[in-house]
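# Architecture and fold: a report
Residue-level listing of the chains:
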Amino acid sequence: MNQNKMKKLLPLAVLGIAVATMPLYITNSYALKIICNVMLYSIITLSINLIVGFCGQLDFGRAAFAGLGAYFSAIMFTKVGVPFIAAFIGGGVFAALCGAMLGMLCRYTSFDYLTLITIGFGEIVRRIFLNWQSVTNGSFGMSTQRPSFFGVTLKSHQSMFYFSLVLLVISYIVIRRITRSKMGRAFQAIRDDPIAAAYTGIHVPNYKVICFTVGSFFTGIAGAAMAHYTMFTAPTNYTTDESLIMLQMAILGGLGSLPGSIIGTIILVVGPEISRSFYQYRLLFMGVLMVALMLFAPNGLFGRHGIKDQLVAYYRRIRGKTAKGGGNNG
Amino acid sequence: MFLQHLVNALSVGSVYALLAIGYNMVYGILEQLNFAHGDVYAVGCFVVYSLIFSGVNPFLAIGCGMLTGFLLNVLVERFAYRPLRGAGRIAPTISAVGIAYIMRNVIQLVWGAETYPFDLGILKVSSFKVGGVMIGTLQIYILVIALTLMLLISLALKYTKWGQAIICISQSIPTASLMGIPVNRVIAIIYGLGAVLGVIGGVLFCSYYQFIFIGIGFSYGTMKAWMASIWGGIGSLKGAVMGAMVLGLTEVLISAYVSSIYRDLFVWAIFIIFILIRPKGLFPAQVAEKI
């Protein structure tokens, strides 16, 4: 038993050390920038997974919440002069409040209407960013500064790397705990069958509101971190297309699988960076990927019965070995 | 001045109505979000643009555009939607989004992302004055075409065998196939017809605004048609037309009397509040509900 646990923990520890020492062997600042982007996008993807993968609410307006967090934090930190940590957490809380409001609106609505309301909400938020020029500086976007804690400003890419890493690890652990708590089980029950969930005593509307609130908090935090990292935020970053790309990251990784979300984010953030001429065919690639995934592997890479599970089953069949114990999922 | 706004609202509304009729047919019958509707017919509209630009007879060009839209949507239905018909609601929606991306990228690669001037050259555009209100002839044509199409389609649904088959499928697909209706063929034809109506709507939309660009697919096509369909009532053609009129009226009145910068914001806000209060729309379809 103990040895089994060791066996499981060892690769994790090796991976952890490899990631934590990344700035030591990756010194290229461009590469570090992409890695930071991957980590911050991963937080958004995890929150999408919580809402779409675990609670089954198809949300097409996630980018708006990243924008709410980013703008709130940037305005508070740069224009009002609030300490960074307060502005940063405030960005998340503000996004969470907006998420709670959206959740209240679509508490009783089902599939199509919810999707439409989230698109509408995203559009409304983007219009406010665009047109409330005295506060958001309109379509020119607004600049902000790097994070600073108690007089120490995170200027280098290395320090931003650790900042994003800590943020990602905390978010991952919290979301993982949520999905395995009573609340997470309730979300999954709602996803599988809302009527049956209601009959087992789950207050479906309340749990939907909670799900949107918690998810929006993480989206907002990640959006705020991105804005402080790039020191710039503009309304063009928060369109419906951007939301769909974020959603695609979660779907590629596999809805309902948290490590899958990170893998999906890595593929879709790093992929377009490899070749710049690829940019022209980006939408085509995304579209083909979406359709092909839905046709052949609707559960993505790491979801239940996803590509990974199929490969593992195939490998076992070839080896003629019977499956022993549960695979690691989660 | 108010009368002038009313006339403008009617003409904007009738343009939206044409787009909404095609959308509502597919949406109402299969209850499946069709994110790709706009981008598929946009390809047809660009084909029409290219043909007219190279000097082909406008009617022939529109015919070719309609054929393109029909074939494209039948193909898309066959390979992207049909395999997912029984697979919950998330999978077909994402698949449709993927198709929309593919179509948009195709337009971008073939025609580019610029805005082109668009002129059919068959509808004489002029305007006349009635009691201080300017009315364009094109606006009247569009309204008449929208109403005629609505009437023709409702009659066809009611009095032809194919129409009855479509209504049967909208109520229950298993029952329809037990009655000997070729479900797959009928659904493919519904998708194709939806795209044909979309091309007609798109071409008139472009000739009303006198330009064509990549955004006619999603932001002006799918979103407006979807809003109009839900506003009017899913699955009812009368609802689609009325919803489109209400959408046009709201847009014009808000930009005239409230704020033209925040027009979309207010339209979305009113729309969201409306569907929360009355999710079935203004004129829900008169079909027995599936329970």
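Here the structure is a predicted model, which is why all the values come from computation and not from measurement.

## Quick notes on the overall build of chain A
Along chain A, the regular secondary structure elements total 15 helices and 4 strands. Its C-alpha atoms give chain A a radius of gyration of 20 Å, near enough to 20 Å, the size a compact globule of 330 residues would have. On the principal axes, the C-alpha backbone points of chain A span a range of 65 × 50 × 45 Å. The buried share of chain A, reckoned over its 330 residues, is 47%. Intrachain contacts of chain A at a sequence separation of at least 6 include 77% that bridge at least 24 residues.

## Focus on the overall build of chain B
Counting secondary structure elements, chain B contains 11 helices and 4 strands. Dimensions of chain B along its principal axes, counting C-alpha atoms only, are 60 × 45 × 35 Å. Every one of the 291 residues in chain B was classed for burial, and the buried ones make up 51%. Intrachain contacts of chain B at a sequence separation of at least 6 include 75% that bridge at least 24 residues.

## So, the interface of chain A and chain B
Taken together, the contacts link 28 residues of chain A with 31 residues of chain B. Going through the elements one at a time, helix H6 (111-131), helix H12 (240-253) and helix H14 (282-296) of chain A are the ones with two or more residues in the side of chain A that touches chain B. Per-element accounting of the side of chain A that touches chain B gives the leading share, 12 residues, to H6(A). For the side of chain A that touches chain B, the per-class residue count stands at 20 nonpolar, 5 polar and 3 charged.

## As for the environment of A:Gly223
All names here are of chain A. Of note, Gly223 is situated in helix H11 (residues 204-230). Measuring from C-alpha to C-alpha, the distance between Gly223 and Gly91 comes to 8.4 Å, with 132 residues separating the pair along the chain. When near neighbours in sequence (up to four residues on either side) are disregarded, Gly223 contacts Phe65, Ala66, Gly67, Gly69 and Ala70.

## Overview of unusual backbone geometry
A positive phi angle, near 60°, is found at A:Met231, a position not held by glycine. Summarising the element assignment, A:Met231 is placed in the loop between H11 and strand S4 (232-233). Given 13 C-beta atoms within a 10 Å radius, A:Met231 is considered partly exposed. In this structure, B:Gln210 takes a positive phi of about 65° despite not being glycine. Looking at where B:Gln210 falls in the secondary structure, it is placed in the loop between helix H8 (183-209) and strand S4 (211-212).

## Describing the confidence of the model for chain A
Residues and elements named next belong to chain A. Overall, the predicted model of chain A reaches an average pLDDT of 85, with 96% of residues at or above 70. Across chain A, H11 holds the top mean pLDDT of 92, while strand S3 (residues 152-153) sits lowest at 76. Across residues 325-330 the pLDDT falls below 50, and counting only partners more than four positions away or on other chains, this stretch makes 5 contacts in the model.

## Section: the confidence of the model for chain B
Residues shown with low pLDDT carry predicted positions that ought not to be read at fine detail. Residues and elements named next belong to chain B. Here chain B shows a mean pLDDT of 84. Residues at 70 or above account for 97%. Mean pLDDT across the elements of chain B ranges from a minimum in strand S2 (residues 127-130), with 74, to a maximum in helix H3 (residues 58-81), with 90. If you check the scores for this complex, the pTM reads 0.86 and the ipTM reads 0.85.

## Describing the environment of A:Val52
Residue and element names in this part refer to chain A. Topologically, Val52 is positioned in helix H3 (residues 29-54). C-alpha of Val52 to C-alpha of Ala198: the two residues are 146 residues apart in sequence and 19 Å apart in space. Those residues in contact with Val52 that sit more than four places away from it in its chain are Gln57, Leu58, Asp59, Leu247, Ala250 and Leu255.

## What to know about the environment of B:Leu72
All names here are of chain B. Relative to the helices and strands, Leu72 is located in helix H3. What makes Leu72 buried here is the crowd of 24 C-beta atoms within 10 Å. Spatially, the C-alpha atoms of Leu72 and Val43 are 8.9 Å apart, while their sequence positions differ by 29 residues. Other than its neighbours up to four places away in sequence, Leu72 contacts Val40, Val43 and Ala195.

## A short note on the pairing of strand S3 (residues 133-136) of chain B
Residue and element names in this part refer to chain B. In terms of strand pairing, S2 meets S3 through 4 bridges, oriented antiparallel. Along S3, the bridge assignment pairs Phe128 with Ile135. If you look at the hairpin formed by S2 and S3, you'll find 2 residues sitting between the two strands, and Gly131 has a positive phi there, around 55°.

## Comments concerning helix H6 (residues 161-171) of chain B
All names here are of chain B. Those residues of H6 that fall on the buried side of the exposure criterion are Ala165, Ile166, Ile169 and Ser170. Axial view of H6: buried residues confined to an arc of 140°, hence all on one face. Its buried side turned inward, H6 meets helix H1 (2-30), helix H5 (137-159), helix H7 (173-178) and H8.

## Description of the nonpolar core
All names here are of chain B. Ranked by size, the top nonpolar core spans 196 residues in total, and within it Ala17, Ala20 and Cys45 carry the most contacts. Tallying contributions element by element places H1 first for this core, with 16 residues. What Ala17 contacts, discounting residues up to four positions off in sequence, is Ala146, Ala240, Val241, Ala244 and Met245.

## Section: the packing of H3(A) against H11(A)
Residue and element names in this part refer to chain A. Two numbers describe how H3 lies on H11: the axes approach to 8 Å, and their chain directions differ by 165°. By the angle between their axes, H3 is roughly antiparallel relative to H11. Regarding H3 and H11, the two cross each other, and that crossing is left-handed. Across the interface between the two elements, Cys36, Leu40, Ile43, Ile44, Leu46, Ser47, Leu50 and Ile51 of H3 pack against Cys211, Phe212, Val214, Gly215, Phe218, Thr219, Ile221, Ala222, Ala225, Met226 and Tyr229 of H11. Along the lines of polarity and charge, the residues of the contact of H3 with H11 split into 16 nonpolar, 3 polar and no charged.

## Observations regarding the packing of helix H4 (residues 62-80) of chain A against H6(A)
Residues and elements named next belong to chain A. Relative orientation of the contacting elements H4 and H6 amounts to 35°, with a least axis distance of 9 Å. Judged by the sense of rotation from one axis to the other, the crossing of H4 with H6 is left-handed. Of the residues in H6, those in contact with Ala63, Ala64, Gly67, Leu68 and Tyr71 of H4 are Phe121, Gly122, Val125, Arg126 and Phe129. Across the contact of H4 with H6, the residue classes tally to 7 nonpolar, 2 polar and 1 charged.

Analysis parameters
Residues numbered from 1 in each chain as written. Chains lettered and ligands numbered in written order. Predicted model: local features only at pLDDT ≥ 70, side-chain atom pairs only at ≥ 80, totals over all residues. Helix = DSSP H or I, 4+ residues; strand = E, 2+ residues; numbered from the N terminus. Rg over C-alpha atoms; globule rule 2.2 N^0.38 Å. Buried ≥ 20, exposed ≤ 12 C-beta atoms within 10 Å, placed from the backbone. Contact = placed C-beta atoms within 7 Å. Nonpolar A, V, L, I, M, F, W, Y, C, P; charged D, E, K, R; others polar. pLDDT = per-residue confidence, 0-100. Pairing = 2+ DSSP bridges. Arc of directions from axis to C-beta. Core = buried A, V, L, I, M, F, W, Y, C linked by C-beta atoms within 7 Å. Axes fitted to C-alpha atoms, helices over the stretch in contact; angles between N-to-C directions. Parallel < 35°, antiparallel > 145°, perpendicular 65-115°, else oblique. Left-handed = near helix turned anticlockwise from the far one by under 90°.

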